[in-house]
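Architecture at a glance
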Amino acid sequence: PREPGFEGGTGTRYEQEFVTKVAEALVKVFSQDERFQLIVVPGDIPNGIKVDAALFLHGDGSVNPQASGYCFGYPNFAANKELARLIGLEFDKIPGHPPHHRDNYTRDLAGYYGFSRVNTLGPEVLVEHGFLSNPGEKLWLFANAGKLAAAGTGSGRVCGAGSTGAASAGRSTAPVTGFGR
């Protein structure tokens, strides 16, 4: 399902296929840690959903086929910035990863609609994994979807960055959205 009113929108070309692949791999990573209960929400994020942390998965696009790089979007709070930093450090360890360009470089990144939908005291970060409109980057992204899912999102990283104590207090819930609007 897509966000109501945006059912016809597909994001950038190949975005739905790519983020589905990353989300499926991410579920495998988190399912190995009994502290986490993942809520996978592809597109239509329930308003007010209570979670300890939120990741919103996306792929970027541009009319310039040479555009390259990943970035993050987040409300300007320390927990969000720290989670983005931790994931970025892990992304950079993957050989051949696209470069990191400036976070929150558009109003839409910092003000992503999903942030207003989730009820969380923990971190919430939109991940633009790279440019699917760049042919070489698209091939790399699809080939490394599993590594991208594992990078920085394994046991404890998501809730640990939020300093809410949720990871040690029992099962945490963390939504992963498959598609943006």
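Residues numbered from 1 in each chain as written. Predicted model: local features only at pLDDT ≥ 70, side-chain atom pairs only at ≥ 80, totals over all residues. Heavy atoms only, no water.

1. With respect to the overall build of the protein chain
This is how the line gets drawn: Think of it this way: any DSSP run of H or I at least four residues long counts as a helix, any run of E at least two long counts as a strand, and we number them from the N terminus. Per-residue accessibility, obtained with a 1.4 Å probe over protein chains only, is compared with the maximum for each type, and a residue is labelled buried under 20%, exposed over 50%, and partly exposed between these values. Contact definition: two residues touch when any of their heavy atoms are within 4.5 Å. For the area figures, the Shrake-Rupley method with a 1.4 Å probe applies, and any residue is considered shielded solely by the protein chains shown.
Broken down by element type, the protein chain carries eight helices and seven strands. The buried share of the protein chain, taken over its 181 residues, is 53%. In the protein chain, the share of contacts with a sequence separation of at least 24, taken over all contacts with a separation of at least 6, comes to 86%. Accessible surface, the protein chain: about 8,400 Å² in total, of which carbon and sulfur atoms supply 53%.

2. Quick word on the environment of Asp 103
To keep it simple, the criterion reads: Pairing of N or O atoms within 3.5 Å defines a polar contact, subject to two protein rules: one partner must be a possible hydrogen donor and the other a possible acceptor, and residues neighboring in sequence count only if both atoms are side-chain atoms.
With respect to the helices, strands and loops of the structure, Asp 103 is situated in the loop between helix 2 (78–91) and helix 3 (107–110). Residues Asp 103 and Phe 72, spaced 31 residues apart in sequence, show a C-alpha to C-alpha distance of 4.9 Å. What Asp 103 contacts, discounting residues up to four positions off in sequence, is Cys 71, Phe 72, Tyr 74 and Ala 84. Here Phe 72 takes part through its backbone nitrogen, which lies 3.0 Å from a polar atom of the side chain of Asp 103.

3. Remarks on the nonpolar core
So the rule is basically this: Residue types Ala, Val, Leu, Ile, Met, Phe, Trp, Tyr and Cys, when buried and joined through side-chain atoms within 4.5 Å, form a set referred to as a nonpolar core.
The biggest cluster of nonpolar side chains holds 28 residues, and the ones touching the most others in it are Phe 18, Leu 55, Leu 57, Phe 72, Phe 91, Val 125 and Leu 148. Elements with a contribution of two residues or more to this core: helix 1 (15–31), strand 3 (54–60), helix 2, strand 6 (124–131), helix 5 (135–143) and helix 6 (145–150). Tallying contributions element by element places helix 1 first for this core, with seven residues. Excluding its chain neighbours within four sequence positions, the residues that come into contact with Leu 148 are Phe 18, Phe 91, Ile 94, His 97, His 129, Trp 140 and Leu 141. Membership of the second largest hydrophobic core comes to 13 residues, among which are Cys 71, Tyr 112, Phe 115 and Val 118.

4. Focus on the environment of Phe 91
Its location among the elements puts Phe 91 in helix 2. Classification of Phe 91 as buried rests on a relative accessible area of 1%. With sequence-adjacent residues up to four places away left out, Phe 91 is seen in contact with Tyr 70, Phe 72, His 97, Val 127, His 129, Leu 148 and Ala 151.

5. Points about the pattern of salt bridges
Put simply, the test is: What makes a salt bridge here is a side-chain nitrogen of Lys or Arg within 4 Å of a carboxyl oxygen of Asp or Glu, nothing more.
Scanning the model with the defined rule gives two salt bridges in all. In this structure, Glu 82 engages Arg 85 in a salt bridge whose closest nitrogen and oxygen atoms are separated by 2.8 Å. Linking Glu 82 with Arg 85, this pair stays in helix 2, spanning three residues, or about one helical turn. On the basis of relative accessibility, which here comes to 43%, the residue Arg 85 falls in the partly exposed class. Ionic pairing is found between Glu 90 and Lys 93, a salt bridge with its closest N-O pair at 3.1 Å. Of the residues examined, Glu 90 reaches a relative accessible area of 17% and is grouped as buried. Looking at Lys 93, the relative accessible area reads 59%, which means it is exposed.

6. Some remarks on unusual backbone geometry
Notably, Tyr 14 is not glycine yet its phi reads approximately 75°, a positive angle. Position of Tyr 14 relative to the elements: it lies in the segment before helix 1. Positive phi, normally seen in glycine, also occurs at Asn 104, with a value near 50°. Among the secondary structure elements, Asn 104 is positioned in the loop between helix 2 and helix 3.

7. Digging into the side chain of Thr 120
Summarising the element assignment, Thr 120 is placed in the loop between strand 5 (118–119) and strand 6. Taking relative accessible area as the criterion, Thr 120 reaches 16% and is therefore assigned buried. At 3.1 Å, the side chain of Thr 120 forms a polar contact with the backbone oxygen of Asp 52. From its side chain, Thr 120 meets the backbone nitrogen of Gly 122 in a polar contact 2.9 Å long. Ignoring sequence-local partners within four residues, the contact set of Thr 120 consists of Val 51, Asp 52 and Ala 53.

Shape is all these values report; function is a separate question.
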